[in-house]
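# Observations on the three-dimensional arrangement
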Amino acid sequence: MSQMKILFVSPEVSPLVRTGGLGDVVGSLPHALKKEGLDVRIVCPLHQSCMRLTRALYPKPISIRLGKKTYSFSVSSTKLGDSDILVYFLGNDSLFDRNGIYSNESGNFQDNALRAFALSKAAIELEKSINWQPDIFHAHDWMAAPTCAFLNQKKKRLKRKVASVLTIHNLEHQGIFSYDDFKDSGLPLSYWGIDGFEHNGALNLLKGGIQHADKLTTVSPTYADEIKTTSFGQGLEKSLIYRAADLIGILNGIDEDAWDPENDDAILQKLTIDSPSKGKKACKQALQEELGLNKVENVPLYGVVSRLYQQKGLDLLLGIMPDLLLKKNCQFAILGSGAPEEENAFRQFAENHPTQVASYIGFDDGLARRIFAGSDFFLMPSRFEPCGLSQQYALRYGSIPIARKTGGLADTITPVESKSKLANGFLFDRSHPQNLAEVINKSLVLYQDQTAFFNTRKNAMHSSFSWGAAAQQYINTYKWALEKKDQ
Ligand code: GLC
């Protein structure tokens, strides 16, 4: 086959526009696919924040029909980072010129279903403007999920082999709307119903994508298993079981150039992966100083870099902090924002114990890096975690992760308890404060045993999650999706 052509369809792409991990993946996986010889490009709405980017405008706009209305889109492009990977933007002021991707201060945009249909259908029609025809439409999450359905609707008229792949980054976000919103899509009524977009009487965009995609992926093998159960399926487990033969988990990699402790200007002293002790010591001291913590060497410092909401399970930590602060000699550096109750609780701990706890409410990329580099342990008690990138950054920067045994956390952390030579962290099972307390106790024991602690840290820093392996699996998935068309 000649060079495979892949079009990513996504509402976010780092570093141009992002709210989280989805953007990071869409912004970094294409580089790895390109290295393997694929022609990969990305299409994304022209959000207000992207308007200031230098872009090349294409002479031909595209127009699509959704229900009774016609929408037209300007098409422009820019390059991803310093690569020559093209990112296409679909410009439509009434739909995308907003101060936010999904929401603003007043909440979610009312017309998000329409915006998702518009992005998805325009992505299918993009080839009319750019004179380039994808073999694979690779849709990411609920906002792009309808791409798979629009492709099926159009497939009979296309005179080439073409297929869709849908990647689920987080099943919690499904894009749930009403039947009236479905009517805006202009899709035939046969696309509604149990084998289409309908779920419990409502419009569910992710479910429509799950039913219509040729192949499905999610971002870790463990999460791929978990989401077929009622505990993790978020109500969509039956659809996922139905599609199980076409669903695989591919562990996300990280951008190893952007997250390189040997070459990171945000941290005080570069860390040498093979002999990190000196650098770690300096980074810890600098972090203690920056955050006003006691400058002591032999007290373990626990880092948190997270959004503060239910999924991330930091309420478990809040539950045991009073006891830890009273009975154990340890320090905490917390960076995050989210639910006001959690923000306030962490703030309060910092106020009451300023030399032991530092809380920075907000987001600061540089501080995040200094926490990864300066902490001894990294806490990630997520209730569920499709993949998780932070534990991978922490590992690389020599902060030993302590995480719940779920999703990508289970796939990236080999517990000390397993006695494996590759042990690089701690895992706990039950989402309960007591279980987190127990595993933190185990980390305190490890900290007392210098040799074991240093070995675990070295293993952590040598754990490798480059995109290379994942890229190979995506390529196999694309081929698999196209094969299906031969039947
Ligand atoms: C979502 C998930 C996270 C995953 C990321 C990228 O943000 O919650 O676990 O790492 O997507 O796939």
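Residues numbered from 1 in each chain as written. Predicted model: local features only at pLDDT ≥ 70, side-chain atom pairs only at ≥ 80, totals over all residues. Heavy atoms only, no water.

### Quick look at the overall build of the protein
Rules: For helices the rule is a DSSP run of H or I covering at least 4 residues; for strands it is a run of E covering at least 2, with both sets numbered from the N terminus onward. C-alpha atoms define the radius of gyration in this analysis, and the globule rule sets the expected value at 2.2 Å times the number of residues to the power 0.38. For the exposure calls, accessible area comes from a 1.4 Å probe over protein chains only, and a residue counts as buried if that area is under 20% of its type's maximum, exposed if over 50%, partly exposed in between. Throughout, a residue-residue contact means that at least one pair of heavy atoms, one from each residue, lies within 4.5 Å.
What the protein contains, in helices and strands, is 19 helices and 21 strands. The C-alpha radius of gyration of the protein comes to 23 Å, within 12% of the 23 Å expected for a compact globule of 487 residues. Taken over the C-alpha atoms alone, the protein extends approximately 70 × 45 × 40 Å along its principal axes. Looking at the protein as a whole, 59% of its 487 residues are labelled buried. Put simply, of all contacts in the protein between residues at least 6 apart along the chain, 71% involve residues at least 24 apart.

### Regarding the sheet that holds strand E19 (residues 377–380)
Quick reminder of the rule: A pair of strands is treated as paired once DSSP finds two or more bridges between them. For every element, the axis is a line fit to its C-alpha atoms; helices are fit only across the contacting stretch, and the angle between N-to-C directions ranges from 0 to 180 degrees.
On the basis of which strands lie adjacent, the open sheet formed by six strands has the order E18-E17-E16-E19-E20-E21 and parallel pairing. Since the sheet does not close on itself, it has two edges, and those belong to strand E18 (357–361) and strand E21 (426–428), each with one partner. With direction set aside, neighbouring strand axes in the sheet form an average angle of 15°. Bridge analysis of strand E20 (residues 400–404) against E21 gives three bridges, and the strand direction is parallel. Residue Ala403 lies in a different strand from E21, and its bridge partner there is Leu427.

### What about the side chain of Gln391?
Applied cut-off: For the purposes of these results, a polar contact is taken to be a pair of N or O atoms within 3.5 Å, where, inside protein, one atom must be able to donate a hydrogen and its partner to accept one; residues adjacent in sequence count only when each atom of the pair is a side-chain atom.
With respect to the element layout, Gln391 can be found in helix H15 (residues 390–396). Here Gly388 takes part through its backbone oxygen, which lies 3.1 Å from a polar atom of the side chain of Gln391. Setting aside its immediate chain neighbours within four residues, Gln391 contacts Phe378, Met380, Pro401, Gly408, Leu409, Thr412 and Ile413.

### A few points about the site of the ligand
Definition in use: Consider each residue's heavy atoms; a residue with any of them within 4 Å of a molecule or strand counts as near. Using a 1.4 Å probe, the Shrake-Rupley method yields the accessible areas, and only the shown protein chains count as cover for residues. Note that Gly is not counted as nonpolar here; it falls among the polar residues with everything else outside the nonpolar set of Ala, Val, Leu, Ile, Met, Phe, Trp, Tyr, Cys and Pro and the charged set of Asp, Glu, Lys and Arg. Boundary definitions for the domains trace back to an automatic or database domain assignment.
By nearness alone, 13 residues border the ligand, and His169, Asn252, Glu385, Cys387 and Gly388 come closest of all. The side chain of Glu385 places a nitrogen or oxygen atom 2.6 Å from an oxygen atom of the ligand. Between the ligand and Cys387 there is a distance of 3.0 Å, counted from an oxygen atom to a backbone nitrogen or oxygen. Protein chains bury 90% of the 310 Å² of accessible surface belonging to the ligand in isolation. Classifying every residue of the shell around the ligand by side-chain character gives six nonpolar, six polar and one charged. A domain-level breakdown of the shell around the ligand finds at least three residues from each of domain 1 (5–253 + 467–484) and domain 2 (277–462).

### Here's the deal with the packing of helix H6 (residues 146–155) against helix H8 (residues 205–212)
Formally: Working rule for angles: under 35 degrees goes down as roughly parallel, over 145 as roughly antiparallel, 65 to 115 as roughly perpendicular, anything else as oblique. Handedness of a crossing is defined here by the sense of rotation of the near helix relative to the far one, left-handed for an anticlockwise turn of less than a right angle and right-handed for a clockwise turn.
Two elements in contact, H6 and H8, have axes separated by 7 Å at closest approach and are oriented at 45°. Viewed along their axes, H6 and H8 adopt a mutual orientation that is oblique. The handedness of the crossing between H6 and H8 comes out as left-handed. Between H6 and H8, the contacting residues are Pro146, Cys148, Ala149 and Asn152 on the first element and Leu205, Gly209 and His212 on the second. Residues that form the contact of H6 with H8 fall into these classes: four nonpolar, three polar and no charged.

### A few points about the pattern of salt bridges
The line we're drawing: Here a salt bridge means any side-chain nitrogen of Lys or Arg lying within 4 Å of a carboxyl oxygen belonging to Asp or Glu.
Scanning all chains against the criterion turns up 23 salt bridges. Lys281 is paired through a salt bridge with Glu297; the nearest N and O atoms lie 3.9 Å apart. One end of the pair, Lys281, is in helix H11 (residues 277–291); the other, Glu297, is in the loop between H11 and strand E16 (301–308), and 16 residues separate them in sequence. Arg370 is paired through a salt bridge with Glu290; the nearest N and O atoms lie 2.7 Å apart. Here Arg370, found in helix H14 (residues 365–374), pairs with Glu290, found in helix H11; they are 80 residues apart in sequence, far enough to count as distant. Under the relative-accessibility criterion, Arg370 is labelled partly exposed at 23%. Salt bridges here are not isolated pairs; linked through shared partners, they connect Glu125, Lys128 and Lys154.

### Some remarks on H6
Taking burial as the measure, the 10 residues of H6 include nine buried ones, the bulk of the element. Taken as a whole, H6 has its buried residues at Pro146, Thr147, Cys148, Ala149, Phe150, Leu151, Asn152, Lys154 and Lys155.

The quantities given are spatial measurements derived from coordinates; they are silent on function.
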